[in-house]
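Architecture at a glance
Listed below are the residues making up each chain.
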Amino acid sequence: AQSVTQLGSHVSVSEGALVLLRCNYSSSVPPYLFWYVQYPNQGLQLLLKYTSAATLVKGINGFEAEFKKSETSFHLTKPSAHMSDAAEYFCAVSGGSQGNLIFGKGTKLSVKP
Amino acid sequence: NAGVTQTPKFRILKIGQSMTLQCAQDMNHNYMYWYRQDPGMGLKLIYYSVGAGITDKGEVPNGYNVSRSTTEDFPLRLELAAPSQTSVYFCASSPPWGRNTGELFFGEGSRLTVL
């Protein structure tokens with residue numbers, strides 16, 4: 001069965017610092033992987049997705065993620081954090097024939113001035 | 001372009017009351033889903049539908065019911081509300097699995113409190 005584990009429920013960085021949010025997955029088939037972002041009191045929106053093409057995936061707002069099969073990881077990075085990046089981030093893996101996604105528990109990112 | 005629309009955005013219920021959360025999408029998506037989000041727990045799938053007239057249980061279906069009479073609408077009914085159903089509910093949709101890569105399109109959520 002597919003699953004994802006997000007390491008760290010809360011990450012705090014200074015403005016301008018590197019953002020690294022960790023996600024490890026478990027999947028019995030080649031996975032599709034996603035990062036979603038949720039701003040306060042809003043729904044989830046797609047940041048980026050891996051669909052078995054390039055292993056380095058670029059998304060919106062300067063975020064990118066690298067698929068590493070040997071490490072079963074799909075970590076999200078951004079070189080320089082901005083105050084507007086403060087949000088909750090969810091990693092997800094494709095779950096099966098019904099098309100639903102399996103979500104991690106989320107990582108809340110805080111950005112200090 | 002509306003996308004996925006959920007109503008109401010906020011609701012307070014008393015224990016034992018019933019209500020329906022509405023969800024509509026205008027993207028002609030076959031697949032629709034209801035998730036609940038609880039703090040620190042991520043999103044859990046309640047029910048899903050692969051097309052009009054077809055629904056199935058997800059991970060946490062107890063206390064809920066759904067129907068899918070049209071492609072556009074996928075209401076979620078809570079019968080005999082309990083405090084454990086206090087949560088934020090998200091409706092989502094997607095094209096059929098074979099024609100997409102699994103991306104879901106989410107509504108803005110319905111925040112429900114049961115007192």
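Our structure's up above, just so we're on the same page.
Residues numbered from 1 in each chain as written. Chains lettered and ligands numbered in written order. Predicted model: local features only at pLDDT ≥ 70, side-chain atom pairs only at ≥ 80, totals over all residues. Heavy atoms only, no water.

A short note on unusual backbone geometry
With an omega of -5 degrees, the peptide bond running from B:T7 to B:P8 counts as cis. Unlike most non-glycine residues, A:N61 shows phi in positive territory, near 60 degrees. Mapping A:N61 onto the fold places it in the loop between β6 (56-58) and β7 (64-68). Residue classification places A:N61 among the partly exposed residues on the basis of a relative accessible area of 42%. At B:L80, a position not held by glycine, the phi torsion is positive, near 50 degrees. (Helix = DSSP H or I, 4+ residues; strand = E, 2+ residues; numbered from the N terminus. Buried < 20%, exposed > 50% of the residue type's maximum accessible area, 1.4 Å probe, protein only.)

So, the layout of surface pockets
Roughly 580 Å³ of volume is contained in the largest pocket. Of all elements in the fold, only β9 (87-94) of chain A together with β9 (87-94) and β11 (110-114) of chain B reach the threshold of two or more residues within the lining of the largest pocket. Along the lines of polarity and charge, the residues of the lining of the largest pocket split into 9 nonpolar, 12 polar and 7 charged. Around the second largest pocket sit 20 residues that line it, and A:L44, B:V4, B:F106, B:G107 and B:E108 are the ones nearest its centre. Secondary structure elements with two or more residues in the lining of the second largest pocket: β5 (44-50) of chain A together with β1 (4-7) and β10 (105-106) of chain B. Residue composition of the lining of the second largest pocket, grouped by class: 9 nonpolar, 8 polar and 3 charged. (1 Å grid on protein atoms, 1.4 Å probe; cavity = no way out; pocket = protein on both sides within 12 Å on 5 of 7 lines; lining within 4 Å. Points joined across faces, edges and corners; volume = space filled by probe spheres on them. Nonpolar A, V, L, I, M, F, W, Y, C, P; charged D, E, K, R; others polar.)

Details of the sheet that holds β1(B)
All names here are of chain B. Pairing in this open sheet of 4 strands is antiparallel, and the strands run β1-β3-β8-β7 from one edge to the other. Here the strands that pair on one side only, and so sit at the sheet edges, are β1 and β7 (64-66). Within this sheet the neighbouring strands show an average axis-to-axis angle of 20 degrees, counted without direction. (Pairing = 2+ DSSP bridges. Axes fitted to C-alpha atoms, helices over the stretch in contact; angles between N-to-C directions.)

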